[in-house]
Amino acid sequence: MLERIEEIRAEAVAAIDAAGSSAELEGLRVRYLGRKAELTGVLRGIADLPPEERGEVGGVANKARKELEALLERATEAQDAAELDSQLLADRVDVTLPGAPPRPVGHQHLIARTTRQIEDIMIGLGYHVAEGPEVEHDYYNFTALNHPEGHPARMLQDTFYVQSHPDVLLRTHTSPMQIRAMETQPPPIFIVVPGKVYRRDSDATHSPMFHQMEGLAIAEGLTLADLKGTLLAMCQGIFGGERELRLRPHFFPFTEPSIEVDVSCFQCGGSGTLAGGERCNLCKGQGWIEILGAGMVDPNVLGFVEDYGYDAERVQGFAFGLGIERVAMLRHGVPDLRRFFDNDVRMLEQFS
Amino acid sequence: MKVPYSWLREYCDPGVAVEELAERLVMTGSEVERIEVVGPPSAQNFIVGKVLSAEQHPDADRLRVCTVADGEGERTIVCGAPDVAAGQTVAVALPGARMPGGEKLRTAKLRGVASEGMILAADELEVGEDHEGILVLDEALAAGTPLSEVIPLAEPVLEIEVTPNRIDCFGVHGVAREVHAISAAPLAADPWAEDVVAAGEGEASDVASVAVEVPELCPRFTARVFTDVTVGPSPLWLRARLSAAGQRPINNVVDITNYAMLLTAQPLHAFDLDKVPGGALTVRTAAEGEKMTTLDDVERTLDAETVLVCDENGPTGIAGIMGGQVSEVSAETTLVLLEVANWNGTNILRSSRRLGLRSEASSRFEKQLHPELCLRAQVVASKLMVELCGAKLVPGTIDVVGVSWPEPTRLRLRGARVSGLLGMEIAQSDQVDYLERLGFAAEADGEDLEVTVPPDRHYDVTREVDLIEEVARVHGIDEHLPTTLPAAAGPVGGGLSREQRLRRRAEDGLRDLGFDQVVGWSFTDPREPARLRIPFDDIRSSAVMLSNPLSEDQSAMRTMVLGSLLDVAARNVARGADRLALFEAASVYLMEAPPTGRNVGTETTNRPIGPLGGEFRGERAAPVAELHRVAALAVGPLGGRSWRGGGETADFFSVKAVLEALAAQLGAEIAFAPEPEPFLHPGRAAAVSLGGVAAGWLGEIHPLVCRAWDLDAAVGFEIDAAPLLGAAGAGEETYEDVTTFPAAYQDLAVVVPTTVAATEVRATILGAGGELLHSAEVFDLFEGEQLGEGRKSLALGLEFRAPDRTLTDEDVGGLREAIKAALETIGGTLRE
Ligand SMILES: [Zn+2]
């Protein structure tokens, strides 16, 4: 009897294994587990066996039945899934066709992108962002920034003036906001000022309209060394953590001491020479790229806002200004300043 | 400022290659723009030669065949100069010499005669512009002497961009002092230390007089008189030096004035005193409209603030800017008056700008020279007048002091302040060294220094902080300054304001909606409003005008962003673009602010307007109304055409959807009402309001405007950023309970006259539906014959909701009757 059960079991396992459709599997279920199946008969006839055989035969037959039930269930599931897949396959598409209808993708202007990038770096250093008007009073653009009337320093920048308002001009730098901000906020103050500025000059390296980012920090005990650290952090944020700075003394009417700042070239690593041995075109073989002007805020400037809590004997600080276009040109290899204002979509769409 | 290295080294020789000096200058604050080499690139193969014979070339009228002693033997040189003659000592380039520009000289046959070298003219060595005659040298020079022992060859010239505060460095001697300060190499005695002996007869005041009528504009006027002057060409060394410094040699007297100016930074002017009637000069201001002809042969019309040097017949020169032709020094001149004056810098700057006339002299005077410099230049020039022109100095210097100059400035330099401002220590002894080398006197007083400022730096160094800069830059900022971040008093918690964050969100939102950001010009053509069909009495027609624009079509500040967007679109379409979706977030400029916060709804907004609305920080309001706008323009389809359709040309509704999506991204309530704009399609134009505040327009651009920009069609909007962000609720929302009872939905089809706006239908339904009606949205529009002429059918989906129960059919049915009744009041009926 036990041998017979094993025979049935083995036969059924082989048949399930070989079955190719769900109908076939249903037939096997009837044949091996149905009411008229031999195994069912064996189980039903256990009572007729001698008592000493009943236990063993019953156990073996039950085990075989359970095994076959499980096998059948698994095979049916697999068979159903395979049949669904073959139906789905008939519904296939060409996945290489473009997504449709295409979702238009807009692009950020490089100037906006660069402005934001620098803002974010400075925000991380604890600065706030302030904005001032582009059409500005002579007082804020020059006088209060230590460019007295008739001073040759005013000649440094060719200025656009507004008709019939001789004291109104297009700001030549973002620096007027230094005064506006200090007039409305006592020290300490840590701000950056992005925005458009205008100079009466137009060629491949000068645009009558361009963008600057001003920085102003005034508190007790700020030093030129703090300015250097701040600028290093900013330039590393823009151009990469390996960058170094070079500080050259310079002259600006509203800072003293004043410096011009070069950043080590990120294309040649400051060596001036490219891997192939040729001269680096970005820094023209110098290893350094001039990037911004800065300095300690001139006491005369603080004198204009003394009434607002800026006593030059008590607080001091620094200011800096950099050209957004210049940063964008260096970072993205844009050859000509004027491209930024041409707004050729073929260029705009290069920058996602 | 061009500084020939050999000239500089006469006063201070740092003993290093010129490149190394340039680097050191750059790192201490003198910007060396370039090092130019004047003359041939190398001194090799240039020698002194003696012309032994000069014969006519057998086959060429204009050539001469010369035999030239070269110190070793004789050689044949064919020469084209007509004045070459036997006995001359000349400059010779031998084969192999590299000429200025780099070309290598070779032995060449000229009309059959081999020429083994070249006899040189001044311009061929870049020591002057003279090409006609050959350069004749001192006959005491031996043949074969290297030419570089006679004149500087391959002369490096430092071109320094001097900042306007450093007037001292507009003279070679000032640069030499700077080199002394930064290198500690010895500085020679001042070239004006010893005056020349006055060998002339009588007194200067016997033959000349100076009257200054405007002392405040002419603080000092000095004059010296020279007799027995022989005017002629300057010696070679002087011509070479001036040429290298960028000055054209003219004659010895004029060259001496230029030389003394280039050395001391103090300009001079020479008069032919015989041409000054009575030798009497007067300094006065011009009469308004007075005319004079300057040395450059231009007649100039003057104004009442221009200062003149005059004789009894009228102006002889514009003070400090340019001399006149009347008393110009010429070949016949024998009596010279040398003027060295001090002028008011502000006045010179003003006059030179007004006249559009800038000279070497005015560019120095305008930066305000110190009156003490006058005699320095007199002494330097006097020596050369005697030496080079055979002149005799008449005893006595005429010296009219208009305004006595201030005492030297004395400043206290606090030791603690030096380290406190710089964040680095500089030893007191070093500070003293640096300042003394720069020409200051410094005395220690404890930790501090008492410093006296020399006259050359009087107007530049006026405060302690200026001294700190001096010691810092000589000490070496780049080399020694530590790198620190603000410590205890440093910044705390940076960030953007909510308005700034929302503005970024708005820009990102438009980008997400497929629009490319552009940056347009703030300048525009004053005719742009007319091209946009804007009437002249509209505030958008009164632009902020520039008084000195670069060109007429950039002379107005834009009053709308639309013009720039149309410009950008037109340029791109001309380049073949067929799908454009552009936006710009930037300012417009209006002479007067439009009525702000114009209220179109029932709710007033009291939000601060802020910088985007033209309210900037600072005691003084912005001079004009500067408003930040967000504007967009679409040309062609918004989305591309595809294998599954799409690519429909953008119209009113596709761009309206963009603006609605933008408002939704910011959580701003937006509304539209029909309202014409001169530049929009009259039937497809809407006024946009945000949070109940008028904010701008949306519409299809008028075909005539499109035509003016060569576009087929375009759709856009332009809204003020202040009301957009003012209405934005994003980031400020509070939770509303969503676990309410199920909603009941019902669709309505409403037939109304075509003239009734969808907004009105919707508002009527919402009004009648009361609190239980949660929303009503249009989902279909139908117009057809069966509705009758002038009628349309709108389908709306209604959602009813109650916070406390499930709504019954009776609830909704009752409301439906109320809605039906309300619709009848606007001529609407429900289609069953
Ligand atoms: Zn490089």
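Residues numbered from 1 in each chain as written. Chains lettered and ligands numbered in written order. Predicted model: local features only at pLDDT ≥ 70, side-chain atom pairs only at ≥ 80, totals over all residues. Heavy atoms only, no water.

### Quick notes on the overall build of chain B
Argument step 1. On a plain count of helices and strands, chain B comes out with 21 helices and 38 strands.
Argument step 2. By the compact-globule yardstick of 28 Å for 832 residues, chain B is too spread out, its C-alpha radius of gyration being 41 Å.
Argument step 3. Principal-axis analysis of the C-alpha atoms places the extent of chain B at approximately 130 × 80 × 60 Å.
Argument step 4. Burial statistics for chain B: of 832 residues in total, 54% are counted as buried.
Argument step 5. Counted over contacts in chain B with a minimum sequence separation of 6, partners at least 24 positions apart contribute 71%.
Argument step 6. Accessible surface for chain B amounts to roughly 36000 Å². Of this, 49% is attributable to carbon and sulfur atoms. (Helix = DSSP H or I, 4+ residues; strand = E, 2+ residues; numbered from the N terminus. Rg over C-alpha atoms; globule rule 2.2 N^0.38 Å. Buried < 20%, exposed > 50% of the residue type's maximum accessible area, 1.4 Å probe, protein only. Contact = heavy atoms within 4.5 Å. Areas by Shrake-Rupley, 256 points an atom, 1.4 Å probe, with all protein chains shown as cover.)

### A look at the overall build of chain A
Argument step 1. Counting secondary structure elements, chain A contains twelve helices and ten strands.
Argument step 2. Rg of the C-alpha trace for chain A: 41 Å, well past the compact-globule value of 20 Å for 352 residues, more than 25% over.
Argument step 3. Seen along its three principal axes, the alpha-carbon backbone of chain A occupies a region of about 125 × 50 × 45 Å.
Argument step 4. Of all 352 residues assigned to chain A, the portion counted as buried reaches 53%.
Argument step 5. Working note: accessible area of chain A is about 15500 Å², and carbon and sulfur atoms make up 50% of it.
Argument step 6. Side-chain charges in chain A split into 34 positive and 53 negative, and the spacing between the mean points of these groups amounts to 5 Å. (Lys, Arg positive; Asp, Glu negative; His and termini not counted. Charge placed at Lys NZ, Arg CZ, Asp CG, Glu CD.)

### A word on the sheet that holds strand β5 (residues 189–198) of chain A
Argument step 1. Strand order in the open sheet made by the seven strands is β1-β5-β6-β10-β9-β8-β7 (chain A), with mixed pairing throughout. Edge positions in the open sheet fall to β1 (128–129) and β7 (245–252) of chain A, since each of these has one partner strand only. (Pairing = 2+ DSSP bridges.)

### Focus: the coordination of the zinc ion
Argument step 1. Coordination sphere of the zinc ion, protein contribution only: Cys265 of chain A (SG), Cys268 of chain A (SG), Cys280 of chain A (SG) and Cys283 of chain A (SG), at 2.2 to 2.3 Å.
Argument step 2. Geometry at the zinc ion is tetrahedral, judged from its four donor atoms and the angles of 103 to 116 degrees they form at the metal. (Donors = N, O, S within 2.8 Å, 3.2 Å for Na, K, Ca; no water. Tetrahedral: all angles 85-135°; square planar, octahedral: opposite > 155°, others 65-115°.)

### Side note on the nonpolar core
Argument step 1. Formed by 97 residues in total, the largest nonpolar core has its most connected members in Leu158, Phe221 and Trp343 of chain B.
Argument step 2. The leading source of residues in this core is helix α9 (residues 373–389) of chain B, at nine residues.
Argument step 3. Viewed by domain, this core spans two of them, domain 1 (2–39 + 156–183) and domain 3 (204–401) of chain B, each represented by three or more residues.
Argument step 4. Not counting residues within four places of it along the chain, the set of residues in contact with Phe221 of chain B comprises Val210, Val212, Leu281, Val283, Val309, Glu339, Val340, Ala341, Trp343, Ile398, Asp399 and Val400 of chain B.
Argument step 5. Counting residues in hydrophobic clusters, the runner-up holds 90 residues, among them Ala217, Leu227, Met296 and Phe318 of chain A. (Core = buried A, V, L, I, M, F, W, Y, C linked by side-chain atoms within 4.5 Å. Domains from an automatic or database assignment.)

### A word on the environment of Arg239 of chain B
All names here are of chain B.
Argument step 1. Residue placement: Arg239 occurs in helix α5 (residues 236–244).
Argument step 2. Measuring from C-alpha to C-alpha, the distance between Arg239 and Leu384 comes to 13 Å, with 145 residues separating the pair along the chain.
Argument step 3. Filtering out sequence-adjacent residues up to four positions away, Arg239 remains in contact with Val127, Leu135, Ser234, Pro249 and Asp255.

### What to know about the packing of helix α6 (residues 252–264) of chain B against α9 of chain B
When two helices pack together, their arrangement is given by the angle between the helix axes and by the axis-to-axis distance.
Residues and elements named next belong to chain B.
Argument step 1. Relative orientation of the contacting elements α6 and α9 amounts to 145 degrees, with a least axis distance of 9 Å. In the crossing of α6 with α9, the sense of the turn from one axis to the other is right-handed. Residues Asn252, Val253, Ile256, Tyr259, Ala260, Leu263 and Thr264 of α6 pack against Leu373, Arg376, Ala377, Val380, Ala381, Leu384, Met385, Leu388 and Cys389 of α9.
Argument step 2. Here the contact of α6 with α9 is composed, by residue class, of 13 nonpolar, two polar and one charged. (Axes fitted to C-alpha atoms, helices over the stretch in contact; angles between N-to-C directions. Left-handed = near helix turned anticlockwise from the far one by under 90°. Nonpolar A, V, L, I, M, F, W, Y, C, P; charged D, E, K, R; others polar.)

### Let's talk about the domain arrangement of chain A
Argument step 1. Taken domain by domain, chain A holds domain 1 (2–90) and domain 2 (110–351).
Argument step 2. Just the C-alpha atoms count here: the centres of domain 1 of chain A and domain 2 of chain A sit 84 Å apart.

### Concerning the domain arrangement of chain B
All names here are of chain B.
Argument step 1. As far as domains go, chain B holds domain 1 (2–39 + 156–183), domain 2 (46–153), domain 3 (204–401), domain 4 (410–478), domain 5 (498–727) and domain 6 (744–830).
Argument step 2. Taking only C-alpha atoms into account, the centre of domain 1 sits 27 Å from that of domain 3.
Argument step 3. Each partner contributes residues to the interface: domain 1 has 16 residues there, and domain 3 has 14 residues.
Argument step 4. Together, the buried faces of domain 1 and domain 3 total about 1200 Å²; carbon and sulfur atoms form 66% of this surface.
Argument step 5. Summed over the shared surface of domain 1 and domain 3, the number is one salt bridge.
Argument step 6. The interface formed by domain 1 and domain 3 contains six residue pairs in polar contact (both at pLDDT 80 or more).
Argument step 7. Only β1 (2–4), α1 (5–11) and α3 (172–183) provide two or more residues apiece to the side of domain 1 that touches domain 3. (Buried area = accessible area lost by both parts, 1.4 Å probe. Salt bridge = Lys/Arg side-chain N within 4 Å of Asp/Glu carboxyl O. Polar contact = N/O pair within 3.5 Å; in protein donor to acceptor, adjacent residues only side chain to side chain.)

### Examining the sheet that holds strand β4 (residues 165–170) of chain A
Residue and element names in this part refer to chain A.
Argument step 1. With antiparallel pairing, the three strands of this open sheet are ordered in space as β2-β4-β3. The open sheet has two free edges, formed respectively by β2 (135–137) and β3 (161–162), since each of these has just one partner strand.
Argument step 2. Bridge count for β2 against β4 is three bridges, and the pairing is antiparallel. Bridge pairing in β4 links His137 to Val168.

### Some points on the environment of Leu513 of chain B
Argument step 1. Turning to its location among the elements, Leu513 of chain B is positioned in the loop between α14 (498–512) and β26 (516–517).
Argument step 2. Residue Leu513 of chain B is classed as partly exposed on the basis of its relative accessible area of 24%.
Argument step 3. Taking the C-alpha atoms as reference points, Leu513 of chain B and Lys392 of chain B, separated by 121 residues in sequence, lie 86 Å from one another.
Argument step 4. When residues no more than four places from it in sequence are discounted, the contact partners of Leu513 of chain B are Pro104 of chain A together with Val658, Ala661, Leu662 and Gln665 of chain B.

### Points about helix α17 (residues 652–666) of chain B
All names here are of chain B.
Argument step 1. With 15 residues, α17 should reach 21 Å at 1.5 Å per residue; the first-to-last C-alpha distance of 21 Å fits that figure.
Argument step 2. Restricting attention to buried positions, one finds in α17 the residues Phe652, Val655, Lys656, Val658, Leu659, Leu662, Ala663 and Leu666. The buried residues of α17 occupy an angular sector of 155 degrees when the element is viewed end-on, so they sit on one face. Of the residues in α17, the exposed ones pointing more than 90 degrees away from the buried face are Phe653 and Ala664.
Argument step 3. Put simply, Asp651 is the residue that caps the front of α17, since its side-chain oxygen is 3.1 Å from the backbone nitrogen of Phe653.
Argument step 4. Just downstream of α17, Gly667 is the residue with a positive phi angle, here 65 degrees. (Expected span 1.5 Å × (residues − 1). Arc of directions from axis to C-beta.)

### Brief notes about the side chain of Gln517 of chain B
Argument step 1. You can see Gln517 of chain B is positioned in strand β26.
Argument step 2. The exposure class of Gln517 of chain B is buried, given its relative accessible area of 5%.
Argument step 3. For Gln517 of chain B, the contacting residues outside a window of four places in its chain are His107, Gln108, His109, Ala112 and Leu348 of chain A together with Glu507 and Phe583 of chain B.

### Quick notes on the pairing of strand β33 (residues 693–701) of chain B
All names here are of chain B.
Argument step 1. Judged by how many residues are buried, β33 sits mostly within the fold: eight of nine residues are covered.
Argument step 2. Relative to β33, strand β32 (residues 680–690) runs antiparallel, the two being bridged by seven bridges. Bridge assignment links Ala687 to a residue of β33, and that residue is Trp697.
Argument step 3. Hairpin connection of β32 to β33: two residues between the antiparallel strands, including Gly691 at a positive phi of 55 degrees.
Argument step 4. The pairing of β33 with strand β34 (residues 715–720) spans five bridges and is classified as antiparallel. The residue bridging Leu698 from the neighbouring strand is Phe717, located in β34.

### Notes on unusual backbone geometry
All names here are of chain A.
Argument step 1. Cis geometry marks the peptide bond from Ala100 to Pro101; its omega dihedral reads -15 degrees.
Argument step 2. With respect to the helices, strands and loops of the structure, Pro101 is situated in the loop between α4 (51–89) and α5 (110–124).
Argument step 3. With an omega of -5 degrees, the peptide bond running from Glu256 to Pro257 counts as cis.
Argument step 4. At Ser164, a position not held by glycine, the phi torsion is positive, near 55 degrees.

### Re the confidence of the model for chain B
All names here are of chain B.
Argument step 1. When pLDDT is averaged across chain B, the result is 91; 97% of the residues are at 70 or more.
Argument step 2. Between residues 596–606, whose pLDDT stays under 50, and residues either more than four places distant or in other chains, the model counts 15 contacts.
Argument step 3. If you check the scores for this complex, the pTM reads 0.87 and the ipTM reads 0.87. (pLDDT = per-residue confidence, 0-100.)

### Some remarks on the interface of chain B and chain A
Think of interface size as the accessible area that goes away when the parts come together; that is how it is often given.
Argument step 1. Of the residues lining the interface, 103 residues belong to chain B; the matching set on chain A comes to 103 residues.
Argument step 2. Counting the surface lost from both chain B and chain A, the interface buries some 8700 Å², and carbon and sulfur atoms represent 56% of this.
Argument step 3. Three residues stand out in chain B for area buried against chain A, namely Val519, Arg617 and Arg620 of chain B, and they jointly supply 9% of the buried area on that side.
Argument step 4. Taken together, the links from chain B to chain A amount to eleven salt bridges.
Argument step 5. Taking the shortest distance from any N to any O, the salt bridge between Asp298 of chain A and Arg463 of chain B comes out at 2.3 Å.

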